[in-house]
2 protein chains.
Amino acid sequence: MSTERGERTRARILDTALSLFRKHGFDETTMRDVAAGAETSLGAAYYYFESKEAIVLAYYEKVYAERRRRAEQVFARTADVSERVRALYQLHLDIVRRDRKLLGGLVRSVADPLSSVSVFSSSTREVRDGSIALFREAVSVPDVAEEVRDLGAIALWTLDLALMLYLTWDDSPRQARTRQLVDDVLDLLMPIVPLLGSPFAAPLRAQLERALDRAGLLPR
Amino acid sequence: MSTERGERTRARILDTALSLFRKHGFDETTMRDVAAGAETSLGAAYYYFESKEAIVLAYYEKVYAERRRRAEQVFARTADVSERVRALYQLHLDIVRRDRKLLGGLVRSVADPLSSVSVFSSSTREVRDGSIALFREAVSVPDVAEEVRDLGAIALWTLDLALMLYLTWDDSPRQARTRQLVDDVLDLLMPIVPLLGSPFAAPLRAQLERALDRAGLLPR
DNA sequence: GTCTATAACATGATAGAC
DNA sequence: GTCTATCATGTTATAGAC
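Residues numbered from 1 in each chain as written. Chains lettered and ligands numbered in written order. Predicted model: local features only at pLDDT ≥ 70, side-chain atom pairs only at ≥ 80, totals over all residues. Heavy atoms only, no water.

K.L.:
Before we move on, could you go through the overall build of chain A and cite the residues and values that matter?
P.N.:
A count of helices and strands for chain A gives eleven helices and zero strands. Sequence-ordered secondary structure for chain A, helices as α and strands as β, is α-α-α-α-α-α-α-α-α-α-α. Its C-alpha atoms give chain A principal-axis dimensions of roughly 65 × 40 × 30 Å. A buried classification covers 49% of the 220 residues belonging to chain A. Summarising the internal contacts of chain A: among those between residues at least 6 apart in sequence, 69% fall at separations of at least 24. Surface exposure of chain A reaches about 11500 Å², of which carbon and sulfur atoms provide 55%. Side-chain charges of chain A comprise 32 positive and 32 negative groups, with the mean position of each set lying 3 Å from the other. (Helix = DSSP H or I, 4+ residues; strand = E, 2+ residues; numbered from the N terminus. Buried < 20%, exposed > 50% of the residue type's maximum accessible area, 1.4 Å probe, protein only. Contact = heavy atoms within 4.5 Å. Areas by Shrake-Rupley, 256 points an atom, 1.4 Å probe, with all protein chains shown as cover. Lys, Arg positive; Asp, Glu negative; His and termini not counted. Charge placed at Lys NZ, Arg CZ, Asp CG, Glu CD.)

K.L.:
Could you give me a rundown of the interface of chain B and chain A, with the residues and numbers involved?
P.N.:
Taken together, the contacts link 25 residues of chain B with 25 residues of chain A. Summed over both partners, the interface of chain B with chain A comes to about 2500 Å²; 66% of that surface belongs to carbon and sulfur atoms. Sorting the residues of chain B by area buried against chain A places Trp169(B), Leu188(B) and Arg214(B) first, and these three jointly supply 22% of that buried surface. Across the contact surface, chain B and chain A share two salt bridges. Measuring nitrogen to oxygen at the nearest pair gives 2.7 Å for the salt bridge that ties Asp184(A) to Arg214(B). For the pair chain B and chain A, the interface holds four residue pairs in polar contact (both at pLDDT 80 or more). Of all the secondary structure elements, the ones that give two or more residues to the side of chain B that touches chain A are α6 (100–111), α8 (146–167), α9 (176–189) and α11 (202–214) of chain B. A per-element tally of the side of chain B that touches chain A places α9(B) first, with six residues. Grouping the constituent residues of the side of chain B that touches chain A by class yields 14 nonpolar, five polar and six charged. (Buried area = accessible area lost by both parts, 1.4 Å probe. Salt bridge = Lys/Arg side-chain N within 4 Å of Asp/Glu carboxyl O. Polar contact = N/O pair within 3.5 Å; in protein donor to acceptor, adjacent residues only side chain to side chain. Nonpolar A, V, L, I, M, F, W, Y, C, P; charged D, E, K, R; others polar.)

K.L.:
Could you give an account of the nonpolar core, with specific residues and numbers?
P.N.:
Generally speaking, nonpolar side chains in soluble globular proteins are found buried as a group. Formed by 61 residues in total, the largest nonpolar core has its most connected members in Phe21(B), Ile55(B), Tyr59(B), Val85(B) and Tyr89(B). Sorting the residues of this core by element identifies α1 (4–24), α2 (31–37), α4 (52–77), α5 (81–96), α6, α7 (125–138), α8 and α9 of chain B as the ones contributing at least two each. Sorting elements by how many residues they give to this core places α4(B) first, with eleven residues. Look past the residues within four positions of Tyr59(B) in its chain and what remains in contact with it is Leu18(B), Arg22(B), Val96(B), Asp99(B), Leu102(B), Leu103(B) and Leu106(B). If you look at the next biggest cluster of nonpolar residues, it comprises 60 residues, including Ala71(A), Val117(A), Val127(A) and Tyr166(A). (Core = buried A, V, L, I, M, F, W, Y, C linked by side-chain atoms within 4.5 Å.)

K.L.:
Kindly report on the protein's contact with DNA strand C, identifying the contributing residues and their values.
P.N.:
Lining the immediate surroundings of DNA strand C are 20 residues, of which Met31(A), Arg32(A), Tyr46(A), Thr3(B) and Tyr48(B) lie closest. Protein-proximal atoms of DNA strand C, defined as those within 4 Å of the protein, fall in sugar or phosphate at a share of 61%. Within the side chain of Tyr46(A), an N or O atom sits 2.9 Å from a phosphate oxygen of DNA strand C. Between a phosphate oxygen of DNA strand C and a side-chain N or O atom of Lys52(A), the distance comes to 3.0 Å. Where the surface near DNA strand C is concerned, the elements lending two or more residues are α2 (31–37) and α3 (42–48) of chain A together with α1 and α3 (42–48) of chain B. In terms of residue class, the surface near DNA strand C is built from six nonpolar, ten polar and four charged. (Near = heavy atom within 4 Å.)

K.L.:
Help me get a handle on the protein's contact with DNA strand D, residues and values and all.
P.N.:
Close to DNA strand D lie 20 residues; Thr3(A), Thr40(A), Tyr48(A), Met31(B) and Arg32(B) are nearest. Looking at DNA strand D alone, sugar and phosphate atoms form 57% of those within 4 Å of the protein. A distance of 2.9 Å separates a phosphate oxygen of DNA strand D from a polar atom in the side chain of Ser41(A). Between DNA strand D and Lys52(B), the relevant distance is 3.0 Å, taken from a phosphate oxygen to a side-chain nitrogen or oxygen of the residue. At the level of secondary structure, the elements contributing two or more residues to the surface near DNA strand D comprise α1 (4–24) and α3 of chain A together with α2 and α3 of chain B. At four residues, the largest contribution of residues to the surface near DNA strand D is made by α3(A). Taken together, the residues of the surface near DNA strand D break down into seven nonpolar, nine polar and four charged.

K.L.:
Please provide a residue-by-residue account of a nonpolar patch on the surface, values included.
P.N.:
A cluster of nonpolar residues, Phe120(A), Leu217(A) and Trp169(B), forms a patch on the protein surface that exposes about 240 Å² of accessible area. For Leu217(A), the location among the structural elements is in the segment after α11 (202–214). (Patch = residues over 30% accessible without salt bridge, like charges linked within 9 Å, V, L, I, M, F, W, Y side chains within 5 Å.)

K.L.:
With reference to specific residues and values, describe the packing of helix α7 (residues 125–138) of chain A against helix α8 (residues 146–167) of chain A.
P.N.:
All names here are of chain A. Contact geometry of α7 with α8 gives a least axis separation of 8 Å together with a crossing angle of 120 degrees. Looking at the two axes, α7 sits oblique to α8. The two elements α7 and α8 cross, and the hand of that crossing is right-handed. When α7 is examined against α8, the residues Arg128, Ser131, Ile132, Phe135 and Arg136 are found in contact with a partner set consisting of Arg149, Asp150, Ala153, Leu156, Trp157 and Asp160. (Axes fitted to C-alpha atoms, helices over the stretch in contact; angles between N-to-C directions. Parallel < 35°, antiparallel > 145°, perpendicular 65-115°, else oblique. Left-handed = near helix turned anticlockwise from the far one by under 90°.)

Structure follows, in structure tokens:
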């Protein structure tokens, strides 16, 4: 499939692109800049990445892999839901810390329902399902009732998307505002988890589930 | 400022563009197509609209004006919160009914924090503030406690954005899925309004408000 | 000052030679 | 696998018509 040399060229193009995106932003970086920086031709860059957006997708995959790696360490350490969930968000922020300029390109692609790297598209499916699974694992602890885990995972993942959108807009040092927002939202959310898990909440859960199912938002 | 003739040319360009966007989608329509369809030159099109996105912004403004007009009729007719809010959403869906292909372009621009027509940008401010005000009016009825109106308006407007995103993705006939989603979400949401308005919920309201304020999400 | 047309530019993407 | 040449299209500059 791909030779050693091709592998290296691909990596060089990816690294150059990400570094340029970080420094100057997604729009400001041209594919010609990327090719020149990687000391290859425009055609070669397009040989390895079918579009500029595809490079962002590769970044997205890298972030996910790193997040999973570090999340698993946290999961092994603690069974406290709050800690686990909070860690998942903070981890994400740590990983993309220096990438605000890059995230603009990501957010745009991801929000575009027609884009091949949209959150809804099939090419991002692996990362999307993996991310949801990560939240599913985070809430899979004795403290959280079985019945609310699936719903909770989807809700937390949706929040994760919203946080990334907020981050692109947050210019506070060290993403302080976004981090504060994570804390505030979790402080609001976490107390209702036991309530939702109680038998009294069964009709409400059913109502929620029916709504999400009808909307096609439930994984099958 | 602008002459009669210029006015007509501008309108012709806008109508042509929207009609082409509707038929073929935003990306598939070139500015050259628009100019040709409006029987004018490319330069003229750019004289009247500084960018392709700006045309979408003009559409956005048209939708808002129509929505306000029809909302005011509903507000005059009923003081029931549920009905008023539901009408605001259904109205929106009615107005953009035939524009799914167009909305793709809008969503992308709106989500891009750097775009000049982003939800966050100043050029969309008038429409954004107007839309939030519309929700503020919808919930300004005796049944809804003063204390929850501002919060409620922001929450409902956020939901409105999410619904538009969902709509771009909903290919069911007559946007049935999106309409169902509106109903389901409101059925879930409306019962908690009186609870949130009660004095017991004061600490919760304060917590929420503090969080939104720290995040800069509260209009000042 | 208001408007229109033409040419040119920058850049994402593709085709085909090697 | 890689490169060069070329295309398509969003955007800008500019000249000038009314």
